[in-house]
Amino acid sequence: MSAPRPPEITLVGQPHKERSDAARNRTRLLDVAARLVAEHGAQNVTMDQIATEAGVGKGTVFRRFGDRTGLMRALLDHAERVFQQAFLTGPAPLGPGASPADRLRAFGAAAIEHRLRYRDMYLAAEEPAAQRYANDPPRDLLGRHIATLLAAAGTTGDLEVLTESLLAYLDMPLLNHLDTRRGMSVERIAAGWVELAERVIGPAPRLPEVP
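Below, the structure is looked at part by part.

Conventions adopted
Residues numbered from 1 in each chain as written. Predicted model: local features only at pLDDT ≥ 70, side-chain atom pairs only at ≥ 80, totals over all residues. Heavy atoms only, no water. Helix = DSSP H or I, 4+ residues; strand = E, 2+ residues; numbered from the N terminus. Buried < 20%, exposed > 50% of the residue type's maximum accessible area, 1.4 Å probe, protein only. Contact = heavy atoms within 4.5 Å. Areas by Shrake-Rupley, 256 points an atom, 1.4 Å probe, with all protein chains shown as cover. Phe/Tyr/Trp six-rings, centres within 6.5 Å; stacked < 30°, edge-to-face > 60°. Lys NZ or Arg CZ within 6 Å of the ring centre and 35° of its normal. Axes fitted to C-alpha atoms, helices over the stretch in contact; angles between N-to-C directions. Parallel < 35°, antiparallel > 145°, perpendicular 65-115°, else oblique. Expected span 1.5 Å × (residues − 1). Polar contact = N/O pair within 3.5 Å; in protein donor to acceptor, adjacent residues only side chain to side chain.

## Here's the deal with the overall build of the protein
- Looking only at helices and strands, the protein features 10 helices and 0 strands.
- Seen in sequence order, the protein has helices and strands lined up from the N terminus as α-α-α-α-α-α-α-α-α-α.
- Burial statistics for the protein: of 211 residues in total, 39% are counted as buried.
- For the protein, restricting intrachain contacts to residue pairs at least 6 apart in sequence, the fraction spanning at least 24 positions comes to 70%.
- Accessible surface, the protein as shown: approximately 12,100 Å² in total, 53% of it carbon and sulfur.

Set out below in structure tokens:
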């Protein structure tokens, strides 16, 4: 497999261009919704709560997103774009500026934390097994990012297979199983990513001990 081209900075799921004030209001509502979901879980968040916390009428929220399902879909899209922005253009080590190996280690930990934070929405959005990989632009972007970091780190072997193996570790059903059924902490799951990544690209270099 030839070295993949770096992923473009066009974010997957980017909404149509809006007036600046409308875009700010939409972002503010989604930021409020994201905070409430992180604190209480998506199933426990109502349109009334979001409207109250954002300081607007409930009708404003309904006009913006249609219904609760529309809001949750918009929130998942918003959360995806925020995460994409972080690993594509954000500060190191997740974003540019660190070595490819350090970015790959940081990427897995950040992706695991992000996906478990919004797990109920990701699980609700899961396609049936036969269609899961047919049309998933966010997953495709994650794969291109991982493949680019593997190539930049000088990883040998079948990069396409290695990329899919690392991506599989981030599948939401697996993360949910490790957390809820196996009782693993987010820290332990993230450490598993680092160990897996290091087996693929090699361990981080050890600093010389100070005498």
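## Digging into unusual backbone geometry
- Cis geometry marks the peptide bond from A92 to P93; its omega dihedral reads 5°.
- Note on placement: P93 falls in the loop between α4 (68-89) and α5 (100-117).

## Re the side chain of H78
- Within the secondary structure layout, H78 lies in helix α4.
- In this structure H78 comes out as buried when scored by relative accessible area, which is 8%.
- Beyond its immediate sequence surroundings of up to four residues, H78 is in contact with T27, L30 and D31.

## Overview of the packing of aromatic side chains
- This structure, assessed with the given rule, holds 5 aromatic pairs.
- A cation sits over an aromatic face here: R115 above Y122, 4.6 Å from the ring centre.

## Examining the packing of α4 against helix α7 (residues 137-152)
- In contact at an axis separation of 12 Å, α4 and α7 are set at 10° when each is read in the N-to-C sense. Relative to α7, the element α4 is oriented roughly parallel. Counted together, E80, F83, Q84, F87 and L88 of α4 and P138, L141, L142 and H145 of α7 form the full contact between these two elements.

## What to know about α4
- With 22 residues, α4 extends 31 Å from end C-alpha to end C-alpha; this agrees with the ideal 32 Å at 1.5 Å per step.
- The N-cap of α4, judged by a side-chain oxygen 2.7 Å from the amide nitrogen of G70 a few residues on, is D67.

## Structural notes on the environment of I50
- As for its placement among the helices and strands, I50 is situated in helix α2 (residues 47-54).
- By relative accessible area, which is 0% here, I50 ends up buried.
- Sequence separation between I50 and V61 is 11 residues; the distance between their C-alpha atoms is 7.9 Å.
- In this structure, I50 is in contact with L29, V32, A33, L36, V45 and L71, ignoring residues within four places of it in sequence.

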